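Results of the structural survey
Below, each chain spelled out in residue letters.
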Amino acid sequence: MLKSPRGLPVVLAAAAAFAVPAAAIATGADGASAASTHIVKIKNIMFSPVTLRIHRGDAVKWEFLDGDIDTEHNVTSTGKTHFKSSGSKESGTYTVTFNKKGTYTYRCTIHSNMTAKVVVS
């Protein structure tokens, strides 16, 4: 066992040499970023943000926050890729993971003015 100039064992230095950098944990083997979950708030009869840009493999979680005004909503895709939350919700969440690049449009079928999109790169 190695000793420091003061006669103490040098164990911490060896352990630090084998520590995994935080950046290695946050990325995959190919250097890609780890997947994230992004939030879209449904409040005051609107989606926020209206346009969300994410990376392939990321998830979007919609939070239904209009229960205080007793207003129901849903999340329904309008393109080729199909996703849909339950018919109507005032509270709770709904999550979709996007594994392909593209632009995904969606709307609330209860409120025709509520439209938004997710752009996946």
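Above this text is the structure in question.
Residues numbered from 1 in each chain as written. Predicted model: local features only at pLDDT ≥ 70, side-chain atom pairs only at ≥ 80, totals over all residues. Heavy atoms only, no water.

1. Considering the packing of aromatic side chains
Evaluated as defined, the whole model comprises seven aromatic pairs. Between Phe83 and Phe98, the ring centres sit 5.7 Å apart and the planes meet at 90 degrees, which makes this aromatic pair edge-to-face. Pair noted here: Phe83 is in the loop between β5 (76-77) and β6 (91-97) and Phe98 is in the loop between β6 and β7 (102-107), with a separation of 15 residues, a long-range link. Phe98 gets classed as buried once you look at its relative accessible area, which sits at 3%. Feature note: the residues Phe47, Trp62, Phe83, Tyr94, Phe98, Tyr104 and Tyr106 constitute an aromatic cluster, connected by ring pairs. (Phe/Tyr/Trp six-rings, centres within 6.5 Å; stacked < 30°, edge-to-face > 60°. Helix = DSSP H or I, 4+ residues; strand = E, 2+ residues; numbered from the N terminus. Buried < 20%, exposed > 50% of the residue type's maximum accessible area, 1.4 Å probe, protein only.)

2. Some points on the pairing of strand β1 (residues 37-42)
Pairing of β1 with strand β4 (residues 59-65) involves six bridges; the strand directions are parallel. Each residue of the ladder has a partner; that of His38, found in β4, is Val60. Of the strand pairs in this sheet, β1 and strand β2 (residues 47-48) are connected by two bridges, and their pairing is antiparallel. Note on β2: the bridge partner recorded for Ile42 is Phe47. Here β1 hands over to β2 after four residues, with Asn44 in that stretch at a positive phi of 55 degrees. (Pairing = 2+ DSSP bridges.)

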